[in-house]
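Architecture at a glance
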Amino acid sequence: MTMAMTGTLTGGMAHSGALAGPQGKKPRNPFAPSRILIYTVLILASLFYLFPLYIMVITSLKDLEGIRTGNLFIPTDHPSLDAWFKAWNTACTGLYCDGIKVGFWNSVKITVPSVIVSIAVASVTGYALAMWPYKGANFFFTVLLVGSFIPYQVMLYPLVIITAYLHIFSTLWAVIVIHTIFGMPILVLLFRNYFVSVPQELFKAARVDGAGFWRIYAQVLMPMSLPIFVVALILQVTGIWNDFLFGVIFAGTTNFPITVQLNNIVNSLEGVKEYNVDMAATILTGAVPLFIYFVSGKLFVRGIAAGAVKG
Amino acid sequence: MDNSVSIRELSVAYGTVRVLESLNLDISRGEFIVLLGPSGCGKSTLLNCIAGLLEPSTGQVFIEGRNVTWEEPKDRGIGMVFQSYALYPQMTVERNLSFGLRVSGMKKEEIDQRVARAAEILQIQPLLNRKPMELSGGQRQRVAIGRALVRDVDVFLFDEPLSNLDAKLRSDLRVEIKRLHQRLKNTMIYVTHDQIEAMTLADRIAIMKNGIIQQLATPHEVYNHPVNLFVAGFIGSPTMNFLQGQVDGGSFAMEGLKVPLGAYKFETANDAKVDGILGVRPEHISVGEDAKKMPVQIESEIEIVEPMGSDTVAWTKISGQSVTFRCSSDIPLEPGQKVTIGFDPARGSLFNAQSGARV
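Per chain, the residues get numbers from 1 upward, laid out in the order the sequence is written. The order in which chains are written sets their letters, starting at A; the order in which ligands are written sets their numbers, starting at 1. Two thresholds apply to this predicted model, a pLDDT of at least 70 for residue-level local features and 80 or more for giving and counting side-chain atom pairs, whereas whole-chain, interface and lining totals are computed over all residues.

Looking at the domain arrangement of chain A
All names here are of chain A. Assigned domains within chain A: domain 1 (31-80) and domain 2 (101-310). Domain segmentation is taken from an automatic or database assignment of domains. The C-alpha-based centres of domain 1 and domain 2 are spaced at 33 Å. The contact rule is simple: place each C-beta atom from the backbone, and if two of them lie within 7 Å, those residues are in contact. Contacts between the two partners involve seven residues from domain 1 and, on the opposite side, eight residues from domain 2. Of all the secondary structure elements, the ones that give two or more residues to the side of domain 1 that touches domain 2 are α2 (33-60) and α3 (64-69). Helix numbers and strand numbers start at the N terminus; a helix is a DSSP run of H or I with at least 4 residues, a strand a run of E with at least 2. A total of three residues in the side of domain 1 that touches domain 2 trace back to one element, the largest contributor, which is α2. Here the residues of the side of domain 1 that touches domain 2 are counted per class, giving three nonpolar, two polar and two charged. Gly is placed with the polar residues, together with every amino acid not listed as nonpolar (Ala, Val, Leu, Ile, Met, Phe, Trp, Tyr, Cys and Pro) or charged (Asp, Glu, Lys and Arg).

Listed below in structure tokens is the structure:
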């Protein structure tokens, strides 16, 4: 029965079958000139960025003898982690010879609170500006906007005076407070612009449901804003970790962040130039931002994808 | 006070832009009021003032006899449904429904009970564990209605709830909202720019323009006795035909045609000779045999025919003025065809051409 029906159907529809010529998906040529060009550019670009890293890694695994006699581009036959241990534990930075680990932990102590406090304050400020506009909110926003364009070198001297007056000069606190404040304009801008794009009706619905300022922020807005928090995290961690200027001025010699210590190691004018230790120390310094990029980059893309489906 | 919602002298102004002008409105308990008007007429502003999401410049809002002008939205005994659904994207349907109740610190058993009841009424039980992004538009709007439902409020506010849905879903959900109103008998205030929604749902329609209520009346009254040209033109599709002429005592004079107004019920004294506009609904113009029974008959030529399936809309001219009429699709009509059309001026609406008001 089914067979018969199928037969009839095909019979009746024979005239509408596909004709000769292009049909369905257009076949793609994997070796089309445009593709070759794209891949060539991409491969060259990644080589351009990866090559220095390669040199650094293989150099850091050599001993000084190997560096002097060997070829820069060829890895050593007997790699060792001695340079890494030295960089971490005993390398001399200025007066002290405790390795870069001191600076590493100083940087952690600076970065963690600065990042958390600045993101927390900026996101709440941005939320207030976007959702609870008050008289003068626009003026405040303009001030912040202008603030993000002022080069902070201008304020270094006043800041030295202020921190000295507050008795926090030459402490980690000075660096933490300054990073938190200087992160504010750009972060508030970031959060405010993101929250402005959240439908106003969602906020109204939450108000009708009886949620107040903090509950709307914590239970409605924050869960749906993961991408912007990740962006802020990347921005702040890399910005604060890589900072040199504030660290060298405000932290005091025992509290130098890792960037300042790295500089002191690499630019040391005394003794033999230990390229392997320099390389290892540099990689250790860059490890944290790199790690953040790898981990949160994935989260970031996922956050954006979730937003796309929702939209 | 027996009114569910009362608005007293409500004005809203942004700088010099006046959105609402000392507006007064009384809504009875259990009434379904539709605020209808073109965009920018202030209807959503009025709704937001009732909800407490917008502060009026002057005036008062009473809900269930209580002056709630200074109260927070949550304390007003209202539930609101938004055009964009405004569901919390990171919460499941169940959490969306219960959010307001959890905020108010209600006991869990009570919350579960209310959510279950709302889900049953709206038939969304199978969706309770889904996230909003996994729902279709119609399901989302159902959840949004449910969120108002669980709060067990006196007044429901709808802000263009069906505007984001496609035509089929819109008519389905329209019926459901009507059914919901019949079942719950709550006061409902519904903002829309869609006249079909207004006509089908409302007990009374408030037609707004420039922050002022033009007419507040039953759909039947609004349709058949529009108080001015704006209301007449806004309600009805295809729109009412407007014929220009002079009102002169007992007749309406156009070029080559005098329409007797003997049976027309004048609202105002009509001794003066004024420029007038006679409004005639397309469905009040008949053609062929039916036209012969009408007090006014005109010979005319069909210009365009638009078959709608259920009926046919045709374009022709009366005294050189373009006119549409609606007739049964069984009547064969061709462009160029000469036909007799007729209408009863008593069913029409006569307006002053200057003021636009009904005469």
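Still more ground to cover, so stick around.
Thoughts on the domain arrangement of chain B
Taken domain by domain, chain B comprises domain 1 (3-228) and domain 2 (238-352). Summarising the inter-unit geometry, the C-alpha centres of domain 1 of chain B and domain 2 of chain B are found 39 Å apart.

Overview of the sheet that holds strand β1 (residues 3-14) of chain B
Residues and elements named next belong to chain B. Read from one edge to the other, the open sheet built from four strands follows the order β2-β1-β4-β5, with strand pairing classed as antiparallel. Two strands lie at the open edges of the sheet, namely β2 (17-28) and β5 (66-67), each paired on one side alone. Examined bridge by bridge, strand β4 (residues 58-63) and β5 share two bridges and lie antiparallel to one another. By the bridge assignment, I63 is partnered in β5 with R66. Two strands are said to pair when DSSP picks up at least two bridges between them.

Regarding the interface of chain B and chain A
Contacts between the two partners involve 18 residues from chain B, matched on the other side by 16 residues from chain A. Those elements that place two or more of their residues in the side of chain B that touches chain A are β6 (78-81) and α2 (93-103) of chain B. A breakdown of the residues in the side of chain B that touches chain A according to their chemical character gives 12 nonpolar, five polar and one charged.

Quick word on the sheet that holds strand β18 (residues 311-318) of chain B
Residue and element names in this part refer to chain B. One open sheet holds the three strands; their spatial order is β17-β18-β19, and the pairing between them is antiparallel. With one partner strand each, in any of the chains shown, β17 (304-307) and β19 (321-328) form the two edges of the open sheet. Direction aside, neighbouring strands of the sheet carry axes that sit 25 degrees apart on average. Here β17 pairs with β18 via four bridges, running antiparallel. Note on β18: the bridge partner recorded for E306 is V313. Axis lines are fitted to C-alpha atoms, over the contacting stretch for helices. Their N-to-C directions set the angle, which ranges from 0 to 180 degrees.

With respect to the pairing of β19 of chain B
Residues and elements named next belong to chain B. Inspection of the sheet shows β18 paired to β19 by eight bridges, in the antiparallel sense. In the sheet register, W315 faces β19, and the bridge partner there is T324. The turn joining β18 and β19, which pair antiparallel and follow one another in sequence, is formed by two residues; a positive phi near 50 degrees is taken by S319.

Regarding the pairing of strand β7 (residues 155-159) of chain B
Residue and element names in this part refer to chain B. Burial of β7 is extensive: five of the five residues sit out of reach of the surface. Residue burial here comes from a neighbour count, namely the number of other C-beta atoms, placed from the backbone, that lie within 10 Å of the residue's own C-beta, with 20 or more meaning buried, 12 or fewer meaning exposed, and in between meaning partly exposed. Of the two faces of β7, both are covered, the one formed by V155, L157 and D159 as well as the one formed by F156 and F158. Inspection of the sheet shows β6 paired to β7 by four bridges, in the parallel sense. Counted as the bridge partner of G79 is F156 from β7. As paired strands, β7 and strand β8 (residues 187-192) are joined by five bridges and run parallel to one another. Each residue of the ladder has a partner; that of F156, found in β8, is M188. Handedness of the β7-helix α5 (residues 167-184)-β8 crossover: right-handed. The crossover handedness rule: strands pointing away from the viewer, path from first strand over the helix to second strand clockwise, crossover right-handed.

A few points about unusual backbone geometry
All names here are of chain B. Look at the link from S237 to P238: it is a cis peptide, with omega at -5 degrees. Following the sequence through the fold, P238 ends up in the loop between α8 (229-234) and β11 (241-248). Its identity as a non-glycine residue notwithstanding, Y85 has a phi of 70 degrees, on the positive side. Note that Y85 resides in the loop between β6 and α2. Of note in the backbone geometry, E160 takes a positive phi value of approximately 45 degrees without being a glycine. By the secondary structure assignment, E160 is in the loop between β7 and α5.

Focus on the environment of R347 of chain B
Residue and element names in this part refer to chain B. By the element assignment, R347 lies in the loop between β20 (338-343) and β21 (349-352). Residue classification places R347 among the partly exposed residues on the basis of 15 C-beta atoms within 10 Å. C-alpha separation for the pair R347 and G336, spaced 11 residues apart in sequence, amounts to 28 Å.

What to know about the packing of helix α5 (residues 101-131) of chain A against helix α8 (residues 172-196) of chain A
Residue and element names in this part refer to chain A. Contact geometry of α5 with α8 gives a least axis separation of 6 Å together with a crossing angle of 35 degrees. The crossing of α5 and α8 is right-handed. For the contact of α5 with α8, the residue count by class is 19 nonpolar, nine polar and two charged. Note on convention: the crossing is left-handed when the near helix lies turned anticlockwise from the far helix by less than a right angle, right-handed when the turn is clockwise.

Re the nonpolar core
Only buried Ala, Val, Leu, Ile, Met, Phe, Trp, Tyr and Cys residues enter a nonpolar core, and they are joined through C-beta atoms within 7 Å. In this structure, L35, L157 and I189 of chain B are the most contacted members of the largest nonpolar core, which totals 144 residues. Sort the elements by how many residues they give to this core and α8 of chain A lands first, with 14 residues. Residues in contact with L157 of chain B, not counting those within four places in the same chain, are L47, I50, A51, I78, M80 and I189 of chain B.

Let's talk about helix α10 (residues 213-221) of chain A
Residues and elements named next belong to chain A. Restricting attention to buried positions, one finds in α10 the residues I216, Y217, V220 and L221. All buried residues of α10 fall inside an arc of 115 degrees around its axis, so they share one side. Summarising the geometry of α10, the exposed residues directed more than 90 degrees from the buried face are W214 and A218. Elements that come into contact with the buried residues of α10 comprise α5, α8 and α9 (200-208). The reported arc concerns the directions from the helix axis to the C-beta atoms and nothing else.

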